[in-house]
Amino acid sequence: MNAVTLQKHEIQGLVFSGYPKNEAGTYLLLRVVDRARARAWLRAALGEVTFGELTEYGATLNIAISAPGLTALGLDAPSLATFPLEFREGLREKDEAYRPRILGDVGDSAPSKWAWGGPARPEVHVLLALFGPKNDASFSARLAEHRARFAGALEEVHPAIETISLPDRREHFGFVDGIAQPRFEGQTPRSDASESPIKAGEFLFGYDNEFDKRPSSPSVSASASRHLPATPDGNRKDLGLNGTFLVVRQLEQDVAGFWRSMAEHGKGANGEIDQAQALWLASKCVGRWPSGAPLVRSPDEDDPEWRNDNAFDYSKDPRGFKCPIGAHIRKANPRDSLEPGPDESRIATRRRRIVRRGRAYGPALAKFAADDGQKRGLVFVCLNTNIRRQFEFIQQSWLNNEKFSGLYEDQDPIVGDQTPGYGATFTIPAHPLRRRLVGLERFVQVRGGEYFFLPSKSALGFLSEPVQVADGRLATPASAGAAEVTA
Amino acid sequence: MGNNARALPQKRTGSGERRAEQAPISGVSAKSGRSVALDAALAGNALTIVCPVLPERKAELVALLTRFGTSIDTTTEMVFDQLSSVHFMRWVVIEGQTPEQPAQLAFESNYDGTLAQHLADLYEHGARAMHLIYRCCAGYPFADAAELSEAQFDGAFSFLLANEVDYEAFYVGRRGKTMRQIRREARLRDGIQRFLDGLGSDPMRHFGGDPAAAYGAIVAFLKQNHGADFEALSEPGPAAPTRNIAAIVVRALPVAALAIPLGPVLLGLYALLRRKEETDVPESYDVVPAEQTRLLAEREDFQVQNQLTHVVALKPGLFRLLTARAVLYSITTLARFYFNQGNLGGLSTIHYARWVLIDGGKRLLFFSNYDGSWERYLGDFIDQAHVGLTAVWSNTQGFPRTRNLVQEGATDEERFKAWTRAHQIPTQLWYSAYKQVTVPNIGQNSRICAGLVKQPATREALERWLELL
């Protein structure tokens, strides 16, 4: 049915699935300490990496590598230069001259304050995503085994981030998450598909994207590898083919603070807390009810009938009387609602989709419960081939943009950077006069993050080829001499 | 402005259209408080001045402009905030195409009123800055003077106008709005919101659900706290522009009439175009050095709006020059008579944009003052306005490959963006009179203020007005 055939056996399984059956998950953040041994480790680990579109899977392993990680593994500078600038600069960007500003990573979320990935922290070279059915003894044993295998080659730069599965795929504020997940061409279609599949090139190198062009793919010189496939022009070897970029951000959620704020804003005329009102306000901020039911379907109360609905648009709610213009899901995916009209809007939106693979961490906390002092949040993970046009665009031009779609001062009420003071407002259109929340605080803070490359099987193979010794120095196959280390 | 307005020295002949927009208005004196009915054309005009820089003073000029540009709010040599005629303004140093060609200083402003009033305004609030800047340029008559006396202003004006360049195409997002109106209406809208916010998150509760009570309270609040702005609303301003298809037809007819006898020639020109399109060399992906992108990106996204200065050489030969001019003439005609309602072919983010030919038609200079991020601006170009843009820039060097003048080109997303960054240059000094106001905000503020001037008559009309807030 689909014209596009993906080389699925070459593509890491995370592209196709977040492995929902694997309730347990651990992210390991690693730094290369010995290039030759790290490559040997990668060679050995390759057999365990999960590839393909699987419906049945046991424990899974996926490996992603940052720009400094590629260098640490021996990729030479000219090859690294074929990667886009934003990937090379990384999420924190060396001088913090603009990327943190445009992404809203400021104040308490500034890279200088991050627990990992920030300028004050060691470089993160390799991300290991290890998921298993249950957080049991066998999962722990597997984790210990991996640690033993990379010992001496890589070291952990931060305690492992253990994720959990909250019931019904909820995130910590209590809302069902990840409903509007794009499907792409070549992927097995879902029975309830509500939109036509996005072009595969938005999420994988080597295939046409939404502009009917192949995204420019990182490459190495023709002589660098015998195994990598050739680029379309035949002049180089394609390192990107069947790979993609992985954006990882650890987002800490202040659950108690969020619900306290909603309760405060929803106080009745008599000054008493009204939990139903707070729930209504929070749902207005999100654009869905906790069950996942979209507000455009059920504006007045949570209706679990609509809980997984993704087949809606904003054509009957152009001014946001049901779902506010500034609601999180409307800003993150405006569907048909952007200027100048629905057709143009759908085109623009399809060119900015991301595949989300996030997982929650930290213990659950009930709505309206007092803070328990525990850290919790979301390890936000998304896939895209053009970080600048997809992830960064959504973050900068939609979520953090207070002028989104004719608004004035409304940043995203859930994840916006909420400039302190009067700046952060949230407008709830209503007949005949709007409601407006003023002085919204920031309840989601960035605690770490990095841009990673999620290589194909062939690319991982290339990066793990044995290091060769030349002239008494170690040289990698990627170049005869450019990227050497002293033996 | 006003008091310093003086008769302009004879300006060299510009295009007829420009001159018509500059028709003087009698008895203008904002300071005397006399209300004057301004013609729509007297809001948001374009001035472009391009002059060679003295090589020995180039470094000084760049440093000076950069200093002003990074301290707009505190610079004493020009008190930007006091300027009463300017919407957006910039100075940018453009390198020569060859080592022999001196760098040039380009100035663009989008101003209200007559040219004489605009220059008087610049010198009233920034004579020292103007003098320090143009002292670095060739042909400036007072290069050796430490200070500029008021008696020398006429000489300075003559110098500036001698270097004026006409635009090929000019777009105004909100025609017929003066800068002071835009600021005033934004203040009033903000005032209303602050007032309502003071009544809690659900202010309608406060008015017992009565729209007339809400309206009355808002008006009373504004009269009390924003009296001057509120009173000024009833002063007549420039008329709002309307779409004028007839004017487009009038301009298109002679072209169409020529096209019939010239049919064979046009076919030949088309064949020539197709051959050129096949053989022109597009730039490769990696033409943009990382440093260039960083240099530009580091200066972006500090406020709601951004600017872009772009300069690129035309492909050689008369054919490309004439094609570019014809396309730009079509754009400027459409921009003036059709796309005058806050959007340009689907783009609703542009406040002011213009194309100017420099170096005797060898290079095409583009200035834009737009809302939001560069990535969004370019994305809008590609998603919605690629036909017009491809038609213009396919006549310039390195542009992604096109077909039939308007096809492909800008839709080659990665190449188009790389090409744009590669020919974009850093702007040393850029000023916006309303940093927090977008084009859609201007329109919405106007609708809100229209309801303040004349109370909506019915309950339904009152409710519709309240929904604007």
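Residues numbered from 1 in each chain as written. Chains lettered and ligands numbered in written order. Predicted model: local features only at pLDDT ≥ 70, side-chain atom pairs only at ≥ 80, totals over all residues.

## Section: the interface of chain A and chain B
Across the boundary between the two partners, chain A contributes 32 residues, which contact 38 residues of chain B. Every element with two or more residues in the side of chain A that touches chain B is listed here: helix H5 (99-103), helix H10 (342-350), helix H11 (391-399) and strand S13 (435-438) of chain A. The greatest single-element share of the side of chain A that touches chain B, amounting to four residues, is contributed by S13(A). Along the lines of polarity and charge, the residues of the side of chain A that touches chain B split into 15 nonpolar, seven polar and 10 charged. (Contact = placed C-beta atoms within 7 Å. Helix = DSSP H or I, 4+ residues; strand = E, 2+ residues; numbered from the N terminus. Nonpolar A, V, L, I, M, F, W, Y, C, P; charged D, E, K, R; others polar.)

## Some remarks on the environment of A:Ser464
Residues and elements named next belong to chain A. Residue placement: Ser464 occurs in the loop between helix H12 (457-463) and strand S15 (468-470). Taking the number of C-beta atoms within 10 Å as the measure of exposure, Ser464 has 20 and is therefore buried. In contact with Ser464, other than residues within four places in its own chain, are Arg39, Leu42, Arg43 and Leu46. (Buried ≥ 20, exposed ≤ 12 C-beta atoms within 10 Å, placed from the backbone.)

## Points about the packing of helix H5 (residues 179-197) of chain B against helix H15 (residues 439-453) of chain B
All names here are of chain B. Taken N-terminus to C-terminus, the directions of H5 and H15 make an angle of 70 degrees; their axes are 9 Å apart at the nearest point. The orientation of H5 with respect to H15, classified from their angle, is roughly perpendicular. On H15, the residues touching Ile182, Glu185, Ala186, Leu188 and Arg189 of H5 are Asn441, Ile442, Asn445, Ser446, Ile448, Cys449 and Leu452. Considering only residue class, the contact of H5 with H15 consists of seven nonpolar, three polar and two charged. (Axes fitted to C-alpha atoms, helices over the stretch in contact; angles between N-to-C directions. Parallel < 35°, antiparallel > 145°, perpendicular 65-115°, else oblique.)

## A closer look at the domain arrangement of chain A
Residues and elements named next belong to chain A. Domain annotation of chain A identifies domain 1 (8-100 + 111-248 + 450-486) and domain 2 (258-353 + 389-447). The distance between the C-alpha centroids of domain 1 and domain 2 comes to 32 Å. With 15 residues of domain 1 at the contact, the number on the domain 2 side is 19 residues. Across the side of domain 1 that touches domain 2, the residue classes break down as 10 nonpolar, two polar and three charged. (Domains from an automatic or database assignment.)

## A short note on the environment of B:Asn343
Assignment of secondary structure puts B:Asn343 in the loop between helix H11 (318-337) and strand S6 (350-358). Under the C-beta neighbour-count criterion, B:Asn343 is labelled partly exposed, with 19 such atoms within 10 Å. Distance from B:Asn343 to B:Asn395, taken between C-alpha atoms, is 25 Å for residues 52 residues apart in sequence. Apart from residues no more than four positions distant in its own chain, B:Asn343 is found in contact with A:Pro340 and B:Ser348.

## As for the sheet that holds strand S2 (residues 86-94) of chain B
Residue and element names in this part refer to chain B. One open sheet accounts for four strands, arranged S1-S3-S2-S10; its pairing is antiparallel. On the outer flanks of this sheet lie strand S1 (45-52) and strand S10 (429-432), each paired with one strand and no other. Across the sheet, the mean angle separating the axes of adjacent strands is 10 degrees when strand polarity is ignored. Examined bridge by bridge, S2 and S10 share four bridges and lie antiparallel to one another. Along S10, the bridge assignment pairs Arg90 with Trp430. (Pairing = 2+ DSSP bridges.)

## With respect to the packing of helix H2 (residues 58-69) of chain B against helix H3 (residues 115-134) of chain B
Residue and element names in this part refer to chain B. For the pair H2 and H3, the least separation of the axes is 9 Å and the interaxial angle reads 150 degrees. Between H2 and H3, the crossing angle belongs to the class labelled roughly antiparallel. Contacts between H2 and H3 involve Leu61, Leu64, Leu65 and Phe68 from the first element and Ala129, Leu132 and Ile133 from the second. Here the residues of the contact of H2 with H3 are counted per class, giving seven nonpolar, no polar and no charged.

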